[in-house]
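# Survey of secondary and tertiary structure
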Amino acid sequence: MSKILMLYASATGNTELMAKAMVNHLRNNNQDVVVKMFDYDEIEVEQLENYDGILFGVYTWVGGDLPFEVEDFYDELDGVNIKRKPFAVFGSADSFYDEYGTALDIMYERFEKLGAVMVPEKLVVDLGPNQEDLKKCEQLADRLSMLISGKELNVK
Ligand SMILES: Cc1cc2nc3c(=O)[nH]c(=O)nc-3n(C[C@H](O)[C@H](O)[C@H](O)COP(=O)(O)O)c2cc1C
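No experiment lies behind these values; they were computed from the predicted model shown.

### Examining the sheet that holds strand S2 (residues 32-37)
- Across the sheet, which stays open at both edges, the 5 strands sit in the order S2-S1-S3-S4-S5 with parallel pairing between neighbours. Each edge of the open sheet is held by one strand with a lone partner, namely S2 and strand S5 (117-126). In this sheet, neighbouring strand axes are inclined to one another by 15 degrees on average, regardless of whether the strands run parallel or antiparallel.
- With 6 bridges joining them, strand S1 (residues 3-8) and S2 adopt parallel strand pairing. Its bridge partner being in S2, Lys-3 is matched across the sheet by Asp-32.
- Packing against the sheet, helix H3 (residues 102-113) makes contact with strand S3 (53-57), strand S4 (86-93) and S5, and its axis sits at approximately 170 degrees to S5.
- Those strands touched by helix H4 (residues 131-148) are S1, S3, S4 and S5, and its axis lies near 170 degrees from that of S5.

Below, the structure written as structure tokens:
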């Protein structure tokens, strides 16, 4: 059984709904999932090395940027070995803004440059997830599981 880390930031609960849908889905499929949320849990970048794969959720903040609570984590990532580690990125954003969901791009590129194996799809949801979005969340979690078990190649 693989060990997955669900790590996410959510200010008003939209990204959290996505995270919960993935966690429930994975646990229903007997996957071992540890959940940590920025602002509530102690998060150290070194912890990433202890998991077989990471689901990373982030909403987009002013100017298309990362939320404040994710900034230290972002800066400290240089010191961690995530080469060949499977990652998937998701989060809620608001299409009202020109820089729609760009925090996902920022994190995706950061993980990828450090050698992580990315699920190619970045799953951005416009504000609160609907039923279809929640289904996509489950599919993203499945794609991460497949990457972990080596059933999917990272072909873009
Ligand atoms: C002050 C402020 C600035 C925001 N800036 C952006 C932005 O630049 N781009 C974007 O896509 N969404 C932006 N958003 C929208 C949030 O990402 C969106 O509300 C999201 O659903 C929040 O997710 P959460 O419920 O997980 O916290 C902004 C929201 C607020 C309140």
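Moving on from the model shown.
### Points about the pattern of salt bridges
- According to the stated counting rule, one finds 4 salt bridges in the structure shown.
- Where Glu-132 meets Lys-136, a salt bridge forms, and the shortest distance between an N and an O atom there is 3.9 Å. In this pair, Glu-132 and Lys-136 are both assigned in helix H4, 4 residues apart and thus about one turn of the helix distant.
- Judged by relative accessible area, Lys-136 falls into the partly exposed class, the value being 31%.
- A salt bridge links Glu-138 to Lys-135; its shortest N-O distance comes to 3.3 Å. A residue pair is termed a helical-turn pair when its members lie 3 or 4 positions apart in one helix, as Glu-138 and Lys-135 do in helix H4 at 3 residues.

### Remarks on the site of the ligand
- Neighbouring the ligand are 20 residues; Ser-10, Ala-11, Thr-12, Asn-14 and Ser-92 lie closest to it.
- One of the side-chain N or O atoms of Thr-12 is found 2.5 Å from an oxygen atom in the ligand.
- Between the ligand and Ser-92 there is a distance of 2.6 Å, counted from an oxygen atom to a side-chain nitrogen or oxygen.
- Alone, the ligand offers 640 Å² of accessible surface; in the complex the protein occludes 84% of this.

### Quick look at the UniProt feature "domain: Flavodoxin-like" (unreviewed entry) in the protein chain
- UniProt annotation of "domain: Flavodoxin-like" (unreviewed entry) refers to residues 4-145 when read in the numbering used here.
- End-to-end, the C-alpha atoms of residues 4-145 are 9 Å apart, and along that stretch the chain is 34% helix and 24% strand.

Cut-offs and rules
- Residues numbered from 1 in each chain as written.
- Predicted model: local features only at pLDDT ≥ 70, side-chain atom pairs only at ≥ 80, totals over all residues.
- Heavy atoms only, no water.
- Pairing = 2+ DSSP bridges.
- Helix = DSSP H or I, 4+ residues; strand = E, 2+ residues; numbered from the N terminus.
- Axes fitted to C-alpha atoms, helices over the stretch in contact; angles between N-to-C directions.
- Contact = heavy atoms within 4.5 Å.
- Salt bridge = Lys/Arg side-chain N within 4 Å of Asp/Glu carboxyl O.
- Buried < 20%, exposed > 50% of the residue type's maximum accessible area, 1.4 Å probe, protein only.
- Near = heavy atom within 4 Å.
- Polar contact = N/O pair within 3.5 Å; in protein donor to acceptor, adjacent residues only side chain to side chain.
- Areas by Shrake-Rupley, 256 points an atom, 1.4 Å probe, with all protein chains shown as cover.
- UniProt positions renumbered as here; feature names shortened; annotations may be inferred.

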